[in-house]
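Letter by letter, the chains look like this.
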Protein chains: 2
Amino acid sequence: TAVINASVAGAVLEAFDRLDASSQVWGAKGGITGLLNETFIGLRQQPNGIWDGIRVAPGAALGSCRKKLTEEDVACAVALCRKHDIRYFFYVGGNDSMDTANMLSKAAQASGYEMLVAGVPKTIDNDLAETDFCPGYGSAARFYAQAMIDLGMDIRSLPTPICLMEVMGRNAGWLTAATMLARRAPDDAPHLIYVPEVRLSREKFLADVKEVYDRQGWVVIAISEGMCDEKGESLSLPTGKVAADGFGHRMVGDVAPALARLIMGELGLRARNEKPGLIARASSHHVSPVDREVAEGVGRFAAQRVFAGETDFMAAIRRESDPPFRVSYFPVPLEKVANAERLLPAEYVADGGNDIAESFREYAEPLVGGELRRYARLRW
Amino acid sequence: TAVINASVAGAVLEAFDRLDASSQVWGAKGGITGLLNETFIGLRQQPNGIWDGIRVAPGAALGSCRKKLTEEDVACAVALCRKHDIRYFFYVGGNDSMDTANMLSKAAQASGYEMLVAGVPKTIDNDLAETDFCPGYGSAARFYAQAMIDLGMDIRSLPTPICLMEVMGRNAGWLTAATMLARRAPDDAPHLIYVPEVRLSREKFLADVKEVYDRQGWVVIAISEGMCDEKGESLSLPTGKVAADGFGHRMVGDVAPALARLIMGELGLRARNEKPGLIARASSHHVSPVDREVAEGVGRFAAQRVFAGETDFMAAIRRESDPPFRVSYFPVPLEKVANAERLLPAEYVADGGNDIAESFREYAEPLVGGELRRYARLRW
C-alpha cells in the first residue's frame, strides 16, 4: 500500500528507541520468505535520515511474498529465529499475514522458544476483523473516490455513454463502496456500484445499465474485480492456467473489460473500461493524511506493547470520536483475526444490490482524510 | 483532457475583453453537434468568477462529440452560423476537430459568408502536425510517468513478476514513450516499452519478456492500447460488434489484459495488468503547470489573432528556448493539420523496437512540468 512503510517505520523507530544499541534490528527481505532464506537487511545500518523517506514511499520497502506456510516451514522458521536469537517479531499485512504470524507465534510457544510476536494490520481491502479499519484502505479509497470524480467529469462530456471502473477487492467491497464518496449532485458518477458481497446475474446487470442509460443517457459504473455471477463463477475474463497464488486465491480481475464487451454485444452501446489496479494502491499523490498517521501509530503501538512484554496479538484500531476524528489502539488475539474476513456489512448495500447506502459515508469519509477535489461546471 | 478548459477559458476571456458588451459569446454544447442542434450556452451569462473554476476543471466543460461532418452537415452548419450571426468560430480539439474546423471555414468562404475560424490544438495523443506539442499531452504524460514510478515501487516488492501498464494512444506512441521518464536507476521500471509505430509479433513480445525476466526476475512493461501485430491486426481483446466511433476509428484498448493472458498461457508466469485509461487524462492531481499555462496561452493567441482579422488557421506552439522553457505561438493553415497525423519519429524508438531512446527525454521532460515524485529505498 501507499502507507505500509509508515507502519514499518513506526515499529522500527520504536525499536531503535527501546532496545539497547548493541541489539540488531533486522528486516526480512520479502516477508516470511526472507526469514526462511535468511536474507536479512540491517536496519540500524541504513543511512541517516532514510526513515523520513521510507515512511512516505509506496510499496513494501522490505519486499513481500505470498507464501502459505507448511508445518515444516513453521518449524524451520522457529528454528531460524532461535539460531539468530530473534526475540521480537513483527509482521505487517492482511489476513494471510496474520495467519502466518499466528502460526509462528503458536509454534514458538509450543517449542518453548521465548519470542514476542505482534501483527500490524495493513490492507487496502479493509477486510481484517476486530479493527475499525485497516491502514492502506483510506488512501486507496481516496484514490478511487477522486478518480471517480475526475472520470465522471470526462465521461459527462464524452459521447461514449457507458464507462466501467474496475476496483480492487477480491471478496470484500469496501474499496468499491468508497466510490460513492464521489457523488454530491444527483446525477454525479458513479450511477451504479457493484460489490462482490452481492452476486450479480448478467441479465440483472444489463437491465440496470439500460435503466440508467434510458433515464439519463450516460452511465458510470464502479465494479469490484471480484464480482461473481449467481452461480458463484467469476464475471471476469478467464486467466488461463496461471490461476492461483501461494494461498490458493484465484487470480481475479478484468471484470470491467468482460462486462464492457457484454454491454457492447447485448445493448449495442459503446462501453469503455478503466482499471487503475495497483496504481490506485501505490499512488502517493492520493495518500490520506489520516491513513498515514494511523499507519505509523499502529506500528508504534505494536512495538510499544511488544517491548513491554505482550505477545500474540494484532494491533487494532478503535474509532474514539468523530468529529474530531480520533482513534485509539488495542491488542486483539492473533487467532481472532488470522482466518477471519470482514466483508462489507449488508446494511451498507442499498436495496436492489446495485448501489451503496448513504449511511456508508459516515464510516468512510473521515478515512479518506479531507475534502476531495471538486470542479466547477458551466450552467445550462 | 485535464487542460482543455484552460484553452476554452483563454479564448473566452479574450472575447469578453475584445468584443463589445452587447455581443453574445456562445458555447456550442457538445462541439459541432451543439451548433447543428442549436444548443448554445450563454457564456456571458455565467456566474461571476466561474472561469477561475472552469479553467482548472478536467473534461470538456462545453461537452464534446465524435461527429464526422457530411457535406450536408457542413452546409447546414454554415447556414446556422449565418442565421445566428456567428462571426467568430473557435474549435478546440485534435486531428478530427481540425478537419471539422477546416471544412466549416472553407464552406463559409465558398458561400461568401464572412466568418473567422480558428482551431486550438488539444490532444493527449500529441499527434497534431506543425506544433511542437499539443496541450493535454504534458499532463497526461506526467500522469503516466508518475504512475509508472509508483507502480514500479509496488511491483518491485511484490512476488507477481510481470506487470503491464496499458497507455492511451491509438496510432501514436508519444504517451507510451513518456513512461521512460520514470527511469533513473538501471533496473527502474519500465523495462520494456512498446509503441504502436512498431508492429509487434507475439513471439518477439514473449521473447523480450522472457529475456528480462531471466535476467532480473521482474518485468514492468508499458504498452500502447493501439498495438498491432505484424499483420496489422490489433493485439487487444476483440470488442465485438460496437467497433468504431463516428470517424470510423476502431475501438481499441484492452491490449494489456490480452497480453497478460498470453504471458500466463505461454510462459506460465503470473502477469498483472493495469489500465488507468481516462483516469490518466482527467486527473487534475497530475496537471503539468507548463501544460496548463500553454493551453491557456494558445487559446488566448487564437482569439487575439481572430479578433485582429485572421482566419482559417490553427494556433501552433514553437519551442523557443530550454532551459528556461519558453514557447511562442504562430498560426498554421488549417488544411495543413486537418488530415495529418504526427507519429512518434523513428529516432525516438530504440533499436530492437522494445524501448525508447534516451534522446526522447530532452523533448518530453520540460512538458511534464517539473520533477516527478521519487522515493527512498532501503539499502541492501
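Scoring rules and cut-offs
Residues numbered from 1 in each chain as written. Chains lettered and ligands numbered in written order. Predicted model: local features only at pLDDT ≥ 70, side-chain atom pairs only at ≥ 80, totals over all residues. Heavy atoms only, no water. Helix = DSSP H or I, 4+ residues; strand = E, 2+ residues; numbered from the N terminus. Rg over C-alpha atoms; globule rule 2.2 N^0.38 Å. Buried < 20%, exposed > 50% of the residue type's maximum accessible area, 1.4 Å probe, protein only. Contact = heavy atoms within 4.5 Å. Areas by Shrake-Rupley, 256 points an atom, 1.4 Å probe, with all protein chains shown as cover. Lys, Arg positive; Asp, Glu negative; His and termini not counted. Charge placed at Lys NZ, Arg CZ, Asp CG, Glu CD. Buried area = accessible area lost by both parts, 1.4 Å probe. Salt bridge = Lys/Arg side-chain N within 4 Å of Asp/Glu carboxyl O. Polar contact = N/O pair within 3.5 Å; in protein donor to acceptor, adjacent residues only side chain to side chain. Expected span 1.5 Å × (residues − 1). Pairing = 2+ DSSP bridges. Axes fitted to C-alpha atoms, helices over the stretch in contact; angles between N-to-C directions. Phe/Tyr/Trp six-rings, centres within 6.5 Å; stacked < 30°, edge-to-face > 60°. Lys NZ or Arg CZ within 6 Å of the ring centre and 35° of its normal. Domains from an automatic or database assignment. Parallel < 35°, antiparallel > 145°, perpendicular 65-115°, else oblique. Nonpolar A, V, L, I, M, F, W, Y, C, P; charged D, E, K, R; others polar.

## Side note on the overall build of chain A
Now for step 1: When helices and strands are tallied, chain A shows 13 helices and ten strands.
Now for step 2: Here the C-alpha radius of gyration of chain A, 22 Å, is about what a compact globule of 380 residues would show, namely 21 Å.
Now for step 3: Across its three principal directions, the C-alpha atoms of chain A cover 70 × 45 × 35 Å.
Now for step 4: Every one of the 380 residues in chain A was classed for burial, and the buried ones make up 63%.
Now for step 5: By sequence separation, contacts in chain A at least 24 residues apart represent 74% of the contacts at least 6 residues apart.
Now for step 6: Accessible surface for chain A amounts to roughly 14000 Å². Of this, 48% is attributable to carbon and sulfur atoms.
Now for step 7: Put simply, chain A has 43 plus and 50 minus side-chain charges, and the middle of one group is 4 Å from the middle of the other.

## Some words on the interface of chain B and chain A
Now for step 1: With 73 residues of chain B at the interface, the matching set in chain A holds 73 residues.
Now for step 2: Surface buried jointly by chain B and chain A totals about 6300 Å² across both partners, of which 61% is contributed by carbon and sulfur atoms.
Now for step 3: Joining chain B to chain A, the criterion identifies four salt bridges.
Now for step 4: With a closest N to O distance of 2.7 Å, A:D154 and B:R281 form a salt bridge.
Now for step 5: On inspection of chain B and its partner chain A, the count reaches 25 residue pairs in polar contact (both at pLDDT 80 or more).

## What about the environment of B:P276?
Now for step 1: Assignment of secondary structure puts B:P276 in the loop between β8 (271–274) and α10 (278–282).
Now for step 2: Residues B:P276 and B:G93, 183 residues apart in the sequence, show an inter-C-alpha distance of 22 Å.
Now for step 3: Once residues lying within four places of it in the same chain are set aside, the contact partners of B:P276 are A:E274, A:K275, A:P276, A:I279, B:F143, B:Y144, B:M165 and B:E166.

## A short note on helix α5 (residues 95–110) of chain B
Residues and elements named next belong to chain B.
Now for step 1: Its 16 residues give α5 an end-to-end C-alpha distance of 22 Å, which sits within 8% of 22 Å, the value for a rise of 1.5 Å per residue.
Now for step 2: N95, S97, M98, D99, T100, A101, N102, L104, S105 and A108 are the residues of α5 that are buried.
Now for step 3: Of the surrounding elements, those touching the buried residues of α5 are α2 (32–36), α4 (71–83), β3 (88–93), β4 (116–121), β9 (313–321) and α12 (334–338).
Now for step 4: Of the residues one or two after α5, G112 is the one with positive phi, at around 75 degrees.

## Describing the side chain of B:E166
Residue and element names in this part refer to chain B.
Now for step 1: For E166, the position within the fold is in strand β5 (residues 162–167).
Now for step 2: Buried E166, no salt bridge; nearest opposite-charge side chain is K275, N-O distance 4.5 Å.
Now for step 3: A polar atom in the side chain of E166 sits 2.8 Å from the backbone nitrogen of D254.
Now for step 4: In terms of polar contacts, E166 uses its side chain to reach the backbone amide nitrogen of V255, at 2.9 Å.
Now for step 5: In contact with E166, other than residues within four places in its own chain, are Y144, I223, E225, G253, D254, V255, A256, P257, E274, K275 and P276.

## Some thoughts on the sheet that holds β8(B)
Residues and elements named next belong to chain B.
Now for step 1: The strand order across the open sheet formed by four strands is β6-β7-β5-β8, and the pairing between neighbours is parallel. Here the strands that pair on one side only, and so sit at the sheet edges, are β6 (192–194) and β8. Averaged over all pairs of adjacent strands, the angle between strand axes in this sheet comes to 20 degrees, irrespective of strand direction.
Now for step 2: Pairing of β6 with strand β7 (residues 219–224), which is carried by three bridges, proceeds in the parallel orientation.

## Side note on the pairing of β8(B)
All names here are of chain B.
Now for step 1: Along β8, one buried face is formed by A271 and N273 and the opposite face, lined by R272 and E274, is buried too.
Now for step 2: With four bridges joining them, β5 and β8 adopt parallel strand pairing. Paired with M165 across the strands is E274, a residue of β8.

## Some thoughts on the packing of aromatic side chains
Residue and element names in this part refer to chain A.
Now for step 1: Throughout the structure, instances matching the rule amount to 30 aromatic pairs over all chains.
Now for step 2: Judged by centre distance (4.9 Å) and plane angle (15 degrees), the rings of W26 and F40 are stacked. On the criterion of sequence distance, the pair formed by W26 in strand β1 (residues 26–28) and F40 in strand β2 (residues 40–42) is long-range, its members being 14 residues apart.
Now for step 3: Residue W26 is classed as partly exposed on the basis of its relative accessible area of 35%.
Now for step 4: Summarising the aromatic geometry, the rings of Y348 and Y363 are spaced 6.3 Å apart at their centres and angled 35 degrees between planes, so their arrangement reads as tilted. With a gap of 15 residues between them, Y348 in the loop between α12 (334–338) and α13 (360–364) and Y363 in helix α13 connect regions that are remote in the sequence. Y363 matches Y348 in its accessibility class, with the two residues each being buried.
Now for step 5: In textbook terms, an aromatic cluster arises when at least three aromatic residues are bridged by ring pairs, as seen for W174, Y348, F360 and Y363.
Now for step 6: We note R318 situated over the ring of F330; from NZ or CZ to the ring centre the distance is 4.2 Å.

## A word on the domain arrangement of chain A
Reports often express the size of an interface as the amount of accessible area lost when the parts come together.
Residue and element names in this part refer to chain A.
Now for step 1: Each domain of chain A was delimited in the assignment, giving domain 1 (4–135 + 286–338) and domain 2 (138–284 + 344–368).
Now for step 2: The C-alpha-based centres of domain 1 and domain 2 are spaced at 32 Å.
Now for step 3: Taken residue by residue, the interface counts 22 residues in domain 1 and 24 residues in domain 2.
Now for step 4: Of the roughly 2100 Å² buried where domain 1 meets domain 2, counting both sides, 57% is carbon and sulfur surface.
Now for step 5: In terms of surface lost to domain 2, no three residues of domain 1 exceed R66, I124 and H286, which account for 35% of the buried area on that side.

## A few points about the sheet that holds strand β6 (residues 192–194) of chain A
Residues and elements named next belong to chain A.
Now for step 1: As summarised here, the arrangement of the four strands in space is β6-β7-β5-β8, forming an open sheet in which the pairing is parallel. Since the sheet does not close on itself, it has two edges, and those belong to β6 and β8 (271–274), each with one partner. Geometrically, the sheet is characterised by an average inter-axis angle of 20 degrees between neighbouring strands, direction not taken into account.
Now for step 2: Against the sheet, helix α8 (residues 202–216) touches β5 (162–167), β6 and β7 (219–224), its axis set at about 150 degrees to β7.

## Topic: helix α9 (residues 255–267) of chain B
In an α-helix there are 3.6 residues to a turn, and that puts residues three or four apart on one side.
Residue and element names in this part refer to chain B.
Now for step 1: Across its 13 residues, α9 extends 17 Å between first and last C-alpha, which sits within 8% of the 18 Å expected from 1.5 Å per residue.
Now for step 2: Buried residues dominate α9, accounting for ten of its 13 residues.
Now for step 3: Every buried residue of α9 is accounted for by V255, A256, P257, A258, L259, A260, R261, L262, I263 and M264.
Now for step 4: Downstream of α9 by one or two residues, G268 has phi in the positive range, about 65 degrees.

## So, the pattern of salt bridges
Now for step 1: As enumerated under the stated definition, the model contains 57 salt bridges over all chains in all.
Now for step 2: Measuring nitrogen to oxygen at the nearest pair gives 3.1 Å for the salt bridge that ties A:R215 to A:E211. In this pair, A:R215 and A:E211 are both assigned in helix α8, four residues apart and thus about one turn of the helix distant.
Now for step 3: B:D187 serves as the salt-bridge partner of B:R156, at 3.0 Å between the closest nitrogen and oxygen. You can see B:R156 sitting in helix α6 (residues 137–156) and its partner B:D187 sitting in the loop between α7 (174–178) and β6, a full 31 residues away along the chain.

## A short note on the packing of α8(A) against helix α9 (residues 255–267) of chain A
Axis angle and axis distance: for two packed helices, these are the angle between their axes and the distance between the axes, and together they describe the pair.
All names here are of chain A.
Now for step 1: α9 packs onto α8 with a crossing angle of 70 degrees between their chain directions and a minimal axis gap of 11 Å. Taken together, α8 and α9 sit at an angle that is classed as roughly perpendicular. Packed against α8, whose contacting residues are R202, F205, L206, V209 and K210, the element α9 presents L259, L262, I263, E266 and L267 at the interface.
Now for step 2: When grouped by side-chain class, the residues that make up the contact of α8 with α9 number seven nonpolar, no polar and three charged.

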